[in-house]
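Each chain is listed here by its residues.
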Amino acid sequence: MMSMSLPSPCSPLSEFLPSPSLSNHPVFFNNTSKLCCHKFSSLKLVFIPAASLSTTKSYPTETTVLHSPILGNKEQRLYPKEGEEHKGLPMKEEEQESLDFDEKASKFQVLDLLNAVKALPCKERVDYIVRVLDKEIGFFNISDFNDVLMALVTANESDLVLKLYSGLSCYSLEPNSWTFSIMVRCHCKKKDPGEAKRVLDQMMQKGFNPNVATLTILINSFCKMGQLQNTFQVFEVMDRIGCKPNIQTYNCLLKGMCYVGRIEEAFELMEDIKKTTVEPDIYTYTAMMDGFCKVGRSDEAMELLNEAMEMGLAPNVVTFNTLLDGYAKEGRPLKGFGVLKLMKQRKCMPDYISYSTLLHGLLLWGKVLAGLRIFNEMEGSGLEADERLMNSLVRGLCRKSIKENDLVEVAYEVFEKMKKRGFVIEQSTYALVIQALWVAKKVDDAFINLHQMVRLGYIPRLITINNVIRALCVGGKVDKAFYVLVLMYENSKIPSRMSYDLLIHELNRQERTLGACNVYGAALVRGVVPHKKPRR
DNA sequence: GTAGGGTTAG
């Protein structure tokens, strides 16, 4: 076995940077190692024990963030969502045009095959593919095999890929470099970079050298799992075979470092990249900005944005959204207005994510009126807020309205909009709307919504019910008040003594003795003895 | 010779 000196977890990053005079120099390695540690100690960066790097659950971070675990739910987001549109399938028209006839035919055959396969039960798929390749098309070489394999990887059919690949020798085919690369990609897609690395080792044993794209895929996969030591091992391989990392490779590493909370180190990497011939791009800046934002250092992210713009890089909607999110999480959502302004100046139109991020942040920090403004702007630009966002907006407006009694109408307008869109209205939203209506003395609307709420199977709190009953009684609408009781029976909920008392009191006042007796009797039947008695 | 990287919410 060849012994390999692996980069330490505190990563002398510069080793992987293209500086010919220094790379592969053992002294350089050791020196920077020390240098790194020294720098970090002065920056109070918490070192992450090697063992903890392989987990993605909790992350030591150098800065405590005000809200929410910084990277806690990151993993989900870092991976492609299920059912996500696949790049490359189907092809765009221009792409089709640019292919020559054979290529076209071959691509379409693979696509047809894929579609046919998808229609089959899982068990029959592999056999079907082999049959088609072997007999119907009439040729069956490693290149065709690779095409099918690649198409299946793109289509997220990794189980099929594994089955096909495992039968390779049965078809007396030898995997070539491209076959291995596809398999690396397949395992990475399955979030199993460890297995991908084993394929890579096998590939190299067979004398094939992976290229930068394959290695970057693997690096990215390790980074997404927070496995930085493994990432550095891949860099080591790159260095050994003389494959130069490019900006995409570095960007993956940068993100990986930020992901495990090694922000300062990521920043150093970025500074180091700038000194090389590999030029940072807007992805580099966005990744670093995201790193800062996630640990509550959005101002530094903003500085980076300015730097990127000065360098002539064009920030895009993702760059700006990152910043919006940072400020929102940090508790300074109003900063988002400045970001929006900048976006528009730079002709980068805010999208759904921009608005919902900002709106959510504003509501989270109690900036309800600002939130309303953003909501209106959002809807004005043709973007619709979703169900949950509108639920929180309505609740925010109602809470403010209950305190200050000035926003019921606006709240109700948004609320009605939700109903028109067929959105599910949450129980707590109904409760707050009814309370706000009640405070604003809009008793009939409160009654209507209480009715709707119960019909939807929600159970209002007794205080809500009694408030509405009392308000209806005060307004002389005793029949409606009585109907509230009926509603509660329908929901098999027994009204409180207070509910009955309120009704009996009002019926007495109106001298409707019979009615009062009925209510009293109804209470007794349900085991409630009201304080109030019908007046004789 | 094919491929690779980024943002949101309860």
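Residues numbered from 1 in each chain as written. Chains lettered and ligands numbered in written order. Predicted model: local features only at pLDDT ≥ 70, side-chain atom pairs only at ≥ 80, totals over all residues.

Per an unreviewed UniProt entry, chain A goes by the name PROP1-like PPR domain-containing protein and belongs to Populus trichocarpa.

## With respect to helix α21 (residues 387-404)
One turn of an α-helix holds 3.6 residues; hence residues three or four places apart share an orientation. Over its 18 residues, α21 extends 25 Å from the first C-alpha to the last, a length consistent with the 26 Å expected when each residue adds 1.5 Å. Looking at α21, one finds that the buried residues are M390, N391, S392, L393, V394, R395, G396, L397, C398, K400 and S401. Residues of α21 that are buried sit in contact with α19 (352-364), α20 (368-380), α22 (408-420) and α23 (427-439). Positive backbone phi, at 50°, marks N405, one or two positions downstream of α21. (Helix = DSSP H or I, 4+ residues; strand = E, 2+ residues; numbered from the N terminus. Expected span 1.5 Å × (residues − 1). Buried ≥ 20, exposed ≤ 12 C-beta atoms within 10 Å, placed from the backbone. Contact = placed C-beta atoms within 7 Å.)

## Some words on the packing of helix α14 (residues 263-274) against helix α15 (residues 282-294)
Running from N to C, α14 and α15 point in directions that differ by 160°, and their axes come no closer than 10 Å. Our classification of the angle between α14 and α15 gives roughly antiparallel. Along this stretch, α14 crosses α15, giving a crossing that reads as left-handed. Note on element contacts: α15 touches α14 through T284, M288, G291 and F292, opposite I263, A266, F267, M270 and I273. In terms of residue class, the contact of α14 with α15 is built from 7 nonpolar, 2 polar and no charged. (Axes fitted to C-alpha atoms, helices over the stretch in contact; angles between N-to-C directions. Parallel < 35°, antiparallel > 145°, perpendicular 65-115°, else oblique. Left-handed = near helix turned anticlockwise from the far one by under 90°. Nonpolar A, V, L, I, M, F, W, Y, C, P; charged D, E, K, R; others polar.)

## Observations regarding the UniProt feature "repeat: PPR" (unreviewed entry) in chain A
Under the present numbering, the feature "repeat: PPR" (unreviewed entry) in UniProt falls on residues 176-210, 211-245, 246-280, 281-315, 316-350, 351-385 and 386-425. In this annotation, residues 211-245 is assigned 77% helix and 0% strand; the end-to-end C-alpha distance for the span is 10 Å. Split by type, residues 281-315 is 74% helix and 0% strand. Its first and last C-alpha atoms lie 10 Å apart. (UniProt positions renumbered as here; feature names shortened; annotations may be inferred.)

## Thoughts on the protein's contact with DNA strand B
Every one of the 43 residues lining DNA strand B counts as a neighbour, but W178, S181, Y283, N321 and R388 are closest to it. Contributing elements (two or more residues each) for the surface near DNA strand B: α3 (74-78), α9 (177-189), α11 (212-224), α13 (247-259), α15, α17 (317-330), α19 and α21. Across the surface near DNA strand B, the residue classes break down as 14 nonpolar, 21 polar and 8 charged. (Near = placed C-beta within 6 Å.)

## Details of helix α10 (residues 193-205)
End to end, α10 covers 18 Å across 13 residues, agreeing with the expected 18 Å (1.5 Å per residue, within 8%). Taken as a whole, α10 has its buried residues at P193, A196, K197, V199, L200 and M203. The buried side chains of α10 occupy one side of the element, clustering within an arc of 160° when seen end-on. Exposed residues pointing more than 90 degrees away from the buried face of α10 are listed as D201 and Q205. (Arc of directions from axis to C-beta.)

## A short note on the UniProt feature "domain: PROP1-like PPR" (unreviewed entry) in chain A
Those residues carrying the UniProt feature "domain: PROP1-like PPR" (unreviewed entry) are residues 370-485 in this numbering. In residues 370-485, the share of helix is 77% and the share of strand is 0%. The end C-alpha atoms are 39 Å apart.

## Details of the packing of helix α16 (residues 298-310) against α17
Put simply, α16 and α17 touch, their axes get as near as 9 Å, and they point 160° apart. What the angle tells us is that α16 and α17 run roughly antiparallel. Between α16 and α17 lies a crossing of left-handed hand. Here S298, A301, M302 and L305 of α16 come into contact with α17, specifically with T319, L323, G326, Y327 and E330. When grouped by side-chain class, the residues that make up the contact of α16 with α17 number 5 nonpolar, 3 polar and 1 charged.

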